[in-house]
Amino acid sequence: MQTKNFAILEKRTLASRIVLFRIKAPLIARKCQPGQFVILRLNEKGERIPLTISEYNREEGTITIVVQDAGRTTHELSLMEKGETIEDILGPLGRPTDIKKVGTVVGVGGGVGVALLYPEIKAYKEVGNRVISLIGAQNKDLLFFQDKIEAVSDKVIYSTDDGSFGYHGFVTELLKEILEKGEEKISEVIAIGPIPMMRVVAEITRPYKVKTIVSLNPIMVDGTGMCGSCRVKVGGQTKFACVDGPEFDAHLVDFDGLMKRQKRFLEEEKISLQYQQRG
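Cut-offs and rules
Residues numbered from 1 in each chain as written. Predicted model: local features only at pLDDT ≥ 70, side-chain atom pairs only at ≥ 80, totals over all residues. Heavy atoms only, no water. Salt bridge = Lys/Arg side-chain N within 4 Å of Asp/Glu carboxyl O. Helix = DSSP H or I, 4+ residues; strand = E, 2+ residues; numbered from the N terminus. Buried < 20%, exposed > 50% of the residue type's maximum accessible area, 1.4 Å probe, protein only. Core = buried A, V, L, I, M, F, W, Y, C linked by side-chain atoms within 4.5 Å. Domains from an automatic or database assignment. pLDDT = per-residue confidence, 0-100. Contact = heavy atoms within 4.5 Å. Pairing = 2+ DSSP bridges. Axes fitted to C-alpha atoms, helices over the stretch in contact; angles between N-to-C directions.

An unreviewed UniProt entry annotates the protein chain as Sulfide/dihydroorotate dehydrogenase-like FAD/NAD-binding protein of Aerophobetes bacterium.

So, in structure tokens, the structure goes:
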């Protein structure tokens, strides 16, 4: 693990409130695998937040994270520029994705989850799977990583909620259509995005008994299992998304409890943002 100052080598805006950072972190880059994340602290007084690694380059010793400006710390991070340094980054953390040659894999990505899906479908493709990627966003201006996704997919279908690009509707409807048509055998589905989206994916694939994996990154807080905020019932057993996951069998996840837990800190986050705006 690596914990020392980290230089921002590249900053790029991908879409509204979604920013990419390429960061010098040679020890993390050397060890990380698809599905893993880091804990980031901007400065000595900053909070710790978990962020999934979307790309890594072992030769140049860099990791790439994609951040959605949605809270106080992610907002502060989005204001940082190339050449600045981040105080601490701890990682890699979490269990890597179990990548095997299984046949045809469908990747379902929604919103900023597309950045997290990318390294996983890339790894599935590299071991010889056929990859179908279903990518959704609220509108065309929020789509990103199209070139990267297309480079590692055999087929890509886009959807937008408002119909401004691709299929007019939700990305989950595309998955349902593929399974209903049954034109090819789907061996595995991996979904990363908002929790409601992942829940729908689980319900769509359940009748077909297709192995389905979801990433529970959205509920992680401390990232080490000590705070207990990412507790989730999986197959009736209590798991911690940060140390036992972040990926789990979607058909075993208690999504009702998960969605309640995700709302746990909404009021505190609102107060924190208000305090930041006043300061």
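Chemist: How should I be thinking about the pattern of salt bridges in this particular structure?
Modeler: Side-chain pairing between opposite charges can occur once the charged atoms of the two side chains come close. With the rule as written, the count across this model stands at 14 salt bridges. As a salt-bridge pair, Arg 22 and Glu 10 come within 3.0 Å of each other at their nearest N and O atoms. Taken together, the residues Arg 22 in strand β2 (residues 18-24) and Glu 10 in strand β1 (residues 6-15) connect sequence positions 12 residues apart. Residue classification places Glu 10 among the partly exposed residues on the basis of a relative accessible area of 22%.

Chemist: Is there a simple way to explain the nonpolar core in this structure?
Modeler: Note that soluble globular proteins tend to have their nonpolar side chains buried in a common cluster. Judged by nonpolar contacts, the single largest core of 35 residues is most densely connected at Val 108, Leu 134, Leu 175, Leu 216 and Val 253. Looking at which element gives the most residues to this core, the answer is helix α6 (residues 195-205), with six residues. Of the domains in this structure, domain 1 (6-93) and domain 2 (104-215) are the two that each give at least three residues to this core.

Chemist: Looking at this structure, how should I read the confidence of the model for the protein chain?
Modeler: Predicted coordinates in regions of low pLDDT should not be interpreted in detail. Averaged over every residue, the pLDDT of the protein chain is 89; residues scoring 70 or more account for 87%. Predicted confidence is poor over residues 271-279, with pLDDT under 50, and the contacts of this stretch with residues over four places away or in other chains come to eight contacts.

Chemist: Can you help me understand the sheet that holds strand β9 (residues 130-137) in this one?
Modeler: Across a sheet, paired strands are connected by hydrogen bonds in the backbone, their directions being either parallel or antiparallel. Sheet architecture is open: seven strands sit in the order β11-β10-β9-β8-β12-β13-β16, paired in mixed fashion. Pairing within the sheet leaves two strands with one partner each, and these edge strands are β11 (167-168) and β16 (247-249). Examined bridge by bridge, strand β13 (residues 211-215) and β16 share three bridges and lie antiparallel to one another. Looking at β16, one finds that Ile 213 is bridged to Asp 249. Helix α5 (residues 171-181) contacts β8 (104-110), β9, β10 (155-160), β11 and β12 (188-192) of the sheet and is inclined by roughly 145° relative to β9.

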